[in-house]
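Per-entry structural report
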Amino acid sequence: MADGNKRSMKTLKEVWKRADNSLCADCGKPDPDWASSTLGVFICLSCSGIHRNIPSISKVKSLKMDYWDDAQVQFLAKHGNAVTKAIYEAHIPIYYYQPTYNDCQVLREQWIRAKYECKEFTEPGKQLPYSDGVKEGILWKRGRDNGQFLPRKFLLSEREGCLKYFTKQDAKEPKINVKIDVINATFQPEKIGNPNGLQITYLKDNKTRNIFVYHESGKEVVDWFNAIRSVQFHYLKVAFPIASDNEIKNRLTRNFLKEGYMEKTGPKQREAFKKRWFTLDHRRLMYFKDPLDAFAKGEVFVGSGENGYSVQKGLPSGTQGNFSWHYGITIVTPDREYLFTCETETDQLDWIRAFTGVINQAMTPQEYAIEAYFKFKS
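Residues numbered from 1 in each chain as written. Predicted model: local features only at pLDDT ≥ 70, side-chain atom pairs only at ≥ 80, totals over all residues. Heavy atoms only, no water.

Quick reminder of the rule: UniProt positions are given in the numbering used here, feature names are shortened, and annotations may be inferred rather than shown by experiment.
The protein carries the name ADAP1 protein in an unreviewed UniProt entry, which gives Hippolais icterina as its organism. One UniProt comment on the protein, placed under Subcellular location (unreviewed entry), says "Cytoplasm".

Here it is in structure tokens:
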């Protein structure tokens, strides 16, 4: 009996070390140390908690602490991440957002449920709740002025290429009507204060407008998110017929590169530094008085190094503005320098890393047009 158990543990370790099992099957986190004895996948601790909430589908056990009998080990050996993914991820739509371990709980949970519980990707051409080009329903939207979340009707239409919302159920005209190609959507549970919080942004007169929404159902809000990506994908396929699917996929919704508080001073660099909430959305650095403001108080364009943009650690010597945080950052542009301070050195280095990543990228023709607008505006 003991010899049999030793053989099973040896086999388990061998299967566990296979290259296809080195990353979590659901979020891609390295070195998973849990597994599902009913699905045959190797997963991380965080994803195992989600699996545990669907016990009719998945039974999870620790690879380090739990006992695995021979039949369970043989099941893992026959399956593993590659085999199981080939079944449950066989027909994922190109636009469907596949979360990583850096993404929020609701995205990861609904991804796992979509795969194993709903089996959304096992058959080709399956009708999905976010794939038919139109979606209508209620989302709780934060009021721009009073901050209250109230139910509002939203309508997404591929045929019209837009997203609308209405202040009343029976309203004939929408409060907004936004073209789908200027929309971004990103999950913001901490900022919004709801685990299903979604931030929808769009460009209005070349300024970013924020809308904050949520739904009580995690599945419903993730379906809305993927419906937006689906409509965007099909719109861009028509707009850019020679672009590959992957090129178009990379132009769909995007997470912000970095957000957080910094202090900033004005153009004369003698004003007192004021605490503001900053959002870096690729080349747009926006700052807000409050993280849930509808409009930014201002925006800074961050171009490429070859066009005269750079980021420097610290502030210029002789900076006169009063500041309470002492970890400075200077953004150099062809026209002026922007001065910021961070509360900690970690924040400072994280922001510098984010700015450097943007500055090191060459600018696209569209970004040159945005840069020209910023220069004209200033």
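This is not the end of the story, as more comes after the structure.
As for the sheet that holds strand 10 (residues 207–214)
Quick note on the threshold: Any two strands are treated as partners once DSSP identifies two or more bridges connecting them. Secondary structure elements are taken from DSSP: a helix is a run of H or I of four residues or more, a strand is a run of E of two residues or more, and numbering for both begins at the N terminus. Fitting a line to C-alpha atoms yields each axis, with helices limited to the stretch in contact; the angle taken between N-to-C directions then spans 0 to 180 degrees.
A sheet is described by the order of its strands in space; here seven strands give the open sequence 7-6-5-4-10-9-8, paired in antiparallel fashion. Across the chains shown, the open sheet's two edge strands, defined by having one partner strand only, are strand 7 (176–179) and strand 8 (183–187). Direction aside, neighbouring strands of the sheet carry axes that sit 35 degrees apart on average. Bridging between strand 8 and strand 9 (residues 198–204) involves five bridges; their strand directions are antiparallel. By the bridge assignment for strand 9, Asn184 is matched with Thr201.

Thoughts on the UniProt feature "domain: PH" (unreviewed entry) in the protein
Residues annotated in UniProt with the feature "domain: PH" (unreviewed entry) correspond here to residues 132–233 and 255–360. When the span residues 132–233 is considered, its composition is 20% helix and 46% strand, and the gap between its end C-alpha atoms is 12 Å. Between the end C-alpha atoms of residues 255–360 the distance is 19 Å, and the span holds 14% helix and 38% strand.

Regarding the domain arrangement of the protein
Cut-off, in case you're wondering: Each domain's extent is set by a domain assignment, obtained either automatically or from a database. Throughout, buried area stands for the accessible area (probe radius 1.4 Å) lost by two parts on being put together, summed over both. Salt-bridge detection follows one rule: a side-chain nitrogen of Lys or Arg within 4 Å of a carboxyl oxygen of Asp or Glu.
By domain assignment, the protein separates into domain 1 (1–117), domain 2 (134–250) and domain 3 (258–376). Between the C-alpha centres of domain 2 and domain 3 there is a distance of 27 Å. Counting each side, the surface lost to burial between domain 2 and domain 3 is near 1300 Å², with a carbon and sulfur contribution of 49%. When the buried area of domain 2 at its contact with domain 3 is split by residue, Lys191, Asn206 and Thr208 rank highest and sum to 43% of it. The tally of links from domain 2 across to domain 3 stands at one salt bridge.

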